[in-house]
Amino acid sequence: MEYMLLWRMLPLLALGASFLFLFYVQNYSSKLPHKECSLLPYQRYWIASKRIVTPQGVISGAVEIKEGKIVTIVKEEDRHWNSKEGHVVDYGEAVVMPGLIDMHAHLDDPGRADWEGFPSGTKAAAAGGITTLVDMPLNNFPSTMSQETLKLKIEAAKERIYVDVGFWGGLVPENAFNSSSLEGLLNAGALGLKSFMCPSGINDFPMTNINHIKEGLSVLAKYRRPLLVHAELQQDSESHLEIKEGSDDPRLYSTYLKTRPPSWEEAAIKELVTVTKDTRNGGPAEGAHLHIVHLSDSSSSLDLIKKAKSGGDSITVETCPHYLAFSAEEIQDGDTRFKCSPPIRDSANKEKLWEALLEGHIDVLSSDHSPTLPELKLLDDGNFLKAWGGISSLQFILPVTWSYGQKYGVTLEQLALWWSERPAKLAGLELKGAIAVGNHADIAIWEPEVEFDLNDGYTVYLKHPSISAYMGSKLSGRTLATFVRGNLVYKKEEHAPAACGVPILAR
Ligand SMILES: NC(=O)N[C@H]1NC(=O)NC1=O
Ligand SMILES: [Zn+2]
Ligand SMILES: [Zn+2]
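Residues numbered from 1 in each chain as written. Chains lettered and ligands numbered in written order. Predicted model: local features only at pLDDT ≥ 70, side-chain atom pairs only at ≥ 80, totals over all residues. Heavy atoms only, no water.

A. Expanded view of the overall build of the protein chain. Within the protein chain one finds 13 helices and 19 strands. Here the C-alpha atoms of the protein chain give a radius of gyration of 25 Å, agreeing with the 23 Å that 2.2 N^0.38 yields for 507 residues. For the C-alpha atoms alone, the extent of the protein chain along its principal axes is close to 105 × 50 × 50 Å. Taking all contacts inside the protein chain whose residues are at least 6 apart in sequence as the whole, residues at least 24 apart take part in 77%. Of the roughly 21,400 Å² of accessible surface on the protein chain, 53% is carried by carbon and sulfur atoms. (Helix = DSSP H or I, 4+ residues; strand = E, 2+ residues; numbered from the N terminus. Rg over C-alpha atoms; globule rule 2.2 N^0.38 Å. Contact = heavy atoms within 4.5 Å. Areas by Shrake-Rupley, 256 points an atom, 1.4 Å probe, with all protein chains shown as cover.)

B. Broad picture of the coordination of the zinc ion (ligand 3). Protein coordination of the zinc ion (ligand 3) is provided by His104 (NE2), His106 (NE2) and Asp368 (OD), with donor distances spanning 2.1 Å. Motif for the zinc ion (ligand 3), donor spacing along one chain: H-x1-H-x261-D. Here the zinc ion (ligand 3) and the zinc ion (ligand 2) are spaced 3.8 Å apart. On the criterion of sequence distance, the pair formed by His106 in the loop between strand S6 (100–105) and helix H2 (118–127) and Asp368 in the loop between strand S14 (364–365) and helix H12 (397–405) is long-range, its members being 262 residues apart. Classification of Asp368 as buried rests on a relative accessible area of 8%. (Donors = N, O, S within 2.8 Å, 3.2 Å for Na, K, Ca; no water. Buried < 20%, exposed > 50% of the residue type's maximum accessible area, 1.4 Å probe, protein only.)

C. Representation of the coordination of the zinc ion (ligand 2) within the structure. The coordination sphere of the zinc ion (ligand 2) contains the protein donors His230 (ND1) and His294 (NE2), at a distance range of 2.1 Å. Residue His230 is classed as buried on the basis of its relative accessible area, which comes to 3%.

D. Summary view of the state of the cysteines. A full pass over the atoms with the stated rule returns 1 disulfide. Paired by a disulfide, Cys37 and Cys500 hold their sulfur atoms 2.1 Å apart. The sign of the -75° torsion about the S-S bond sets the Cys37-Cys500 disulfide as left-handed. Here Cys37 is found in the loop between helix H1 (2–31) and strand S1 (44–54), whereas its partner Cys500 is found in the loop between strand S18 (494–495) and strand S19 (503–504), with 463 residues between them in sequence. (Disulfide = S-S within 2.5 Å.)

E. Local environment of the side chain of Glu116. Mapped onto the elements of the fold, Glu116 is located in the loop between S6 and H2. The buried charged residue Glu116 lacks any salt bridge, with Lys463 as its nearest oppositely charged partner at 6.1 Å. In this structure the side chain of Glu116 is engaged in a polar contact, spanning 2.8 Å, whose partner is the side chain of His369. (Lys, Arg positive; Asp, Glu negative; His and termini not counted. Salt bridge = Lys/Arg side-chain N within 4 Å of Asp/Glu carboxyl O. Polar contact = N/O pair within 3.5 Å; in protein donor to acceptor, adjacent residues only side chain to side chain.)

F. Layout of the sheet that holds strand S9 (residues 169–170). An order of S9-S10-S11-S12-S13-S14 is seen for the 6 strands of this open sheet, with the pairing classed as parallel. Looking along the sheet, the strands with just one partner apiece sit at the ends: S9 and S14. By the bridge criterion, 3 bridges tie strand S12 (residues 289–292) to strand S13 (residues 315–319) in an arrangement that is parallel. Bridge assignment links His291 to a residue of S13, and that residue is Thr316. (Pairing = 2+ DSSP bridges.)

G. Highlighting the side chain of Asn383. With respect to the helices and strands, the residue Asn383 is situated in the loop between S14 and H12. Under the relative-accessibility criterion, Asn383 is labelled buried at 8%. Engagement of the side chain of Asn383 in a polar contact is seen with the backbone nitrogen of Lys386, the distance being 3.0 Å. With residues near it in sequence (within four places) discarded, Asn383 still touches Pro250, Thr336 and Leu378.

H. Highlighting the environment of Ser403. Relative to the helices and strands, Ser403 resides in helix H12. Placed 73 residues apart in sequence, Ser403 and Ser476 show a C-alpha to C-alpha distance of 5.6 Å. Those residues in contact with Ser403, other than ones at most four positions away along the chain, are Leu475 and Ser476. At a separation of 2.8 Å, a polar atom in the side chain of Ser403 contacts the main-chain amide nitrogen of Ser476.

I. Region of the structure containing the site of ligand 1. Around ligand 1 sit 14 residues, and of these Asn139, Ser200, Ser341, Ser370 and Gly389 come closest. Backbone polar atom of Ser200 to a nitrogen atom of ligand 1: 2.9 Å apart, as the coordinates give it. A total of 300 Å² of accessible area belongs to ligand 1 in isolation, and the protein chains cover 99% of it. When the residues that make up the shell around ligand 1 are grouped by side-chain class, the tally is 4 nonpolar, 9 polar and 1 charged. (Near = heavy atom within 4 Å. Nonpolar A, V, L, I, M, F, W, Y, C, P; charged D, E, K, R; others polar.)

J. Up close: the sheet that holds strand S8 (residues 164–167). Read across the open sheet, the 4 strands follow the order S6-S7-S8-S19; overall the sheet is parallel. Edge positions in the sheet fall to S6 and S19, since each has one partner strand and no second. Examined bridge by bridge, strand S7 (residues 130–135) and S8 share 4 bridges and lie parallel to one another. Residue Leu133 lies in a different strand from S8, and its bridge partner there is Val165. Along the sheet face, helix H13 (residues 412–427) touches S6 and S7 and points at about 55° away from the line of S6. (Axes fitted to C-alpha atoms, helices over the stretch in contact; angles between N-to-C directions.)

K. Highlighting the packing of aromatic side chains. What the rule picks out here adds up to 15 aromatic pairs. Aromatic side chains Trp115 and Trp388 sit 5.0 Å apart centroid to centroid with 70° between the ring planes, which places their arrangement in the edge-to-face category. Taken together, the positions of Trp115 in the loop between S6 and H2 and Trp388 in the loop between S14 and H12 put the pair 273 residues apart, joining distant regions of the chain. Among the residues examined, Trp388 registers a relative accessible area of 11% and is labelled buried. Aromatic side chains Phe118 and Phe167 sit 6.5 Å apart centroid to centroid with 80° between the ring planes, which places their arrangement in the edge-to-face category. One end of the pair, Phe118, is in helix H2; the other, Phe167, is in strand S8, and 49 residues separate them in sequence. For the pair formed by Phe118 and Phe167, the shared burial category is buried. By the ring-pair criterion, three or more aromatic residues cluster together here, those being Phe326, Phe338, Phe396, Tyr404 and Tyr470. Above the ring of Trp115, the side-chain terminus of Arg112 is found at 5.3 Å from the ring centroid. (Phe/Tyr/Trp six-rings, centres within 6.5 Å; stacked < 30°, edge-to-face > 60°. Lys NZ or Arg CZ within 6 Å of the ring centre and 35° of its normal.)

What follows is the structure in structure tokens.
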């Protein structure tokens, strides 16, 4: 009789057990990253190399990664690490460096995704060793200048980004005196704000004056987040107004150069340093920080920044690879791929930029990757005055800085400082920017000595490779692999099947 009861109960028991099993699998597996996020099927593993760039210097050894974070770093000589404890990926002599953080890129998504877009831009980033991008609030449509428009960005990024992406919000006349609007944007997670002191090239992103900037800083002080400023102030007395269609040849680079002299940068920075005084200790905007983007003028503009820094202002400055790689003398007439603002100046200016970077007066590097449609670059026409201003570079920033930096003795540690550690600090990314225990396992593996020709045979992931000023050049430094939070997102011309980058929102 009891046996009979047991037999009858069996199907019920089996059903219960399978429910329990399903419950377990669902709950447990949801905690594991999607296996399509990574080209490496391990949760826990070691990366070994003879050249690992840490804040304490370059070491030979191994880094242990567990569930997306760096948990151990050991030197070769301290052989406590036991390879049996996990899978080891041995990269030999290749360099293991913190992934690059490009704090200034325009991915134009949503609204102008045909210019670049999150999938193409972040695939290019991953292929170039970049593990985090901070996206600019303009060139996408609508511009990111409110809580609602930031939400559109986050929505557009969903399952479409291959690396992590943070967002700057826009400071524009419309929101500058509306602190609740700015606070809404900052509360929604913007890592800081960005504004222009000259026309931005995009009608729906109008320029700010120094009063707007002062207001922006006072709101940012409370959040301890930065304001990034495009520092060029149009000087009517000179230059561009005198350039009339027909009298100066718009195909000559020298014509374009005359339209944006260094005095524009100098005038903007002169105004900025009157308000950065507020950021000093005890000042009314203490806690805010002003960051000058893409400095080109290495003379008077830089002197003003140095003076403000020495006075205790919270101010930093970046330059970009194109100002370090190219000089005005080399730009061919009609080659609008090189048009950007502020413009690329002469070679003496370039030498001084390098000097300032090496001496620490320029703090950080960024790409200012600002693509567009090839037809708006006017490559056939070659009209420098009408072509889109912006350089396409994202995938190449590491080999460009490395290749052009050879002449100046640039070291791996310097690259890590300019491209990872300092941008992480500026953007407030606490767990990124260095190979250190507890940090996200955001890692670039690359071979500095390997040369390549950036020609049609090279796999470029940017949406419009033809508009990049770097096409046709020979560079050294090939990316082998890129890890984002422990996921192997790129390996030798292959991306992970799923886009598992996450939006980074300030809290
Ligand atoms: N709108 C936009 O991306 N402008 C950028 N392009 C450029 O060359 N400088 C910039 O500020
Ligand atoms: Zn700019
Ligand atoms: Zn820009």
